[in-house]
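# Observations on the model geometry
In case you want the letters, here they are:
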Amino acid sequence: VSGIAAAAGGNSLGFVGAGGKTVIYGYRVFPTPDDNCANDNNNDPQCSADTADIAAAIEDAIAQHVNVISMSLGGGGCSGGVDSDPTEGAAIQEAINANIIVVAAAGNSYANSLDAPACDTGVIAVGATSLDDGSTTGTTGSYSRNVTGASPSNPVEYVASYSQYGGAANFRNASAWGIVAPGGDPAASEQTGAVDDLHWIENIWTSTPYQSSSNDNNFTGNCTTDYAATGSTIDCRTLIAGTSMATPHVAGAAALILAVNGSYQSPTAMKSLLCSTADDLGDSHEGCGRLNVYRAMATALGDMSPP
């Protein structure tokens, strides 16, 4: 997710972040994973973060005067926009009060509710979209996308089957629960079998994959040269999908916008801009629409007739 938001360009690793030349502060709030973490359905404490650590990271980010906080994590919920965890909620509110743009994942449980901290007042919640290219995509939940006419030559974008949402769509209206951005939606068969690249988000992962031993391949990723590029630097990339992947697309876009127009340095102003320039997918779970960075940047730069 760091790479999606802010991977540096021009280094032969094959990826560049949505935020352009954004400077990134990385905070580690999760422990080193063990092999149980390859399965989402476990109670292993090595796979979970403590909200006290999350809050400590937010507090430090505030002290460092960051512009945007991107949170590809979530758990619990809210009551009236108030985080169910007071420790996390207080830190989020302090960031909002400091006019920091806080962007968080909506959640991946297909529900008409948002995970915390995405549901906290002032946070920009992000749902996920994917491409239907005529082959089987995700089947989570009972949500019918009504995608028609999709084919390999004519892929159609839709809100991913697993993506949580906070109510009905309200196109280009900042009062909507949030915004959506690319997150992928692979079919169940793609978890272990052949993959369709259009159903995933691919990005650089790490140059030092965690291995508990030389025979541990669960977290090695795909470490090769970048496709067919001769002499390319070896990178480690991975196929991933979720609202966690959609979130840094929005966070990186916010940082890019702030680089050209600091007047959007407030959660309210940024959400208003991103929503007012979004694309309409005609999907009831799209919030205020699909992120359109090009149109948002044109507007921030004063283009009187943005595309």
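Throughout what follows, the structure given in this document is the object of discussion. (Residues numbered from 1 in each chain as written. Predicted model: local features only at pLDDT ≥ 70, side-chain atom pairs only at ≥ 80, totals over all residues. Heavy atoms only, no water.)

Okay, the overall build of the protein next. Tallying secondary structure elements over the protein gives six helices and ten strands in all. Scored against the burial criterion, the 307 residues of the protein give a buried share of 43%. Within the protein, counting contacts between residues at least 6 apart in sequence, those at least 24 apart form 67% of the total. Counting every atom, the protein has about 14,500 Å² of accessible surface; 49% of that belongs to carbon and sulfur. (Helix = DSSP H or I, 4+ residues; strand = E, 2+ residues; numbered from the N terminus. Buried < 20%, exposed > 50% of the residue type's maximum accessible area, 1.4 Å probe, protein only. Contact = heavy atoms within 4.5 Å. Areas by Shrake-Rupley, 256 points an atom, 1.4 Å probe, with all protein chains shown as cover.)

Turning next to unusual backbone geometry. At the junction of alanine 116 and proline 117, the peptide bond is cis and its omega measures out at 10° in the coordinates. Inspection of the secondary structure puts proline 117 in the loop between strand 4 (101-105) and strand 5 (124-132). For asparagine 99, which is not glycine, the phi dihedral falls at a positive 65°. Topologically, asparagine 99 is positioned in the loop between helix 3 (86-97) and strand 4. Here asparagine 99 falls in the partly exposed class, since its relative accessible area comes to 35%. Phi angles above zero are rare outside glycine, and tyrosine 110 is one such case at about 40°. Summarising the element assignment, tyrosine 110 is placed in the loop between strand 4 and strand 5.

This paragraph deals with the nonpolar core. Across soluble globular proteins, nonpolar side chains have a tendency to be buried as a group. Counting residues in each nonpolar core, the largest one holds 30 residues, and the members touching the most others are Ile179, Val250, Ile257, Met270 and Leu274. Of all the secondary structure elements, the ones that give two or more residues to this core are strand 4, strand 5, strand 7 (178-182), helix 4 (243-260), helix 5 (267-276) and helix 6 (293-300). Residue contributions to this core peak at eight residues, all from helix 4. (Core = buried A, V, L, I, M, F, W, Y, C linked by side-chain atoms within 4.5 Å.)

Taken together, the side chains of Val23, Tyr25 and Tyr27 make up a nonpolar region of the molecular surface, amounting to roughly 320 Å² of accessible area. On the secondary structure map, tyrosine 25 appears in the loop between helix 1 (2-6) and helix 2 (51-63). Given a relative accessible area of 44%, tyrosine 25 falls into the partly exposed group. (Patch = residues over 30% accessible without salt bridge, like charges linked within 9 Å, V, L, I, M, F, W, Y side chains within 5 Å. Salt bridge = Lys/Arg side-chain N within 4 Å of Asp/Glu carboxyl O.)

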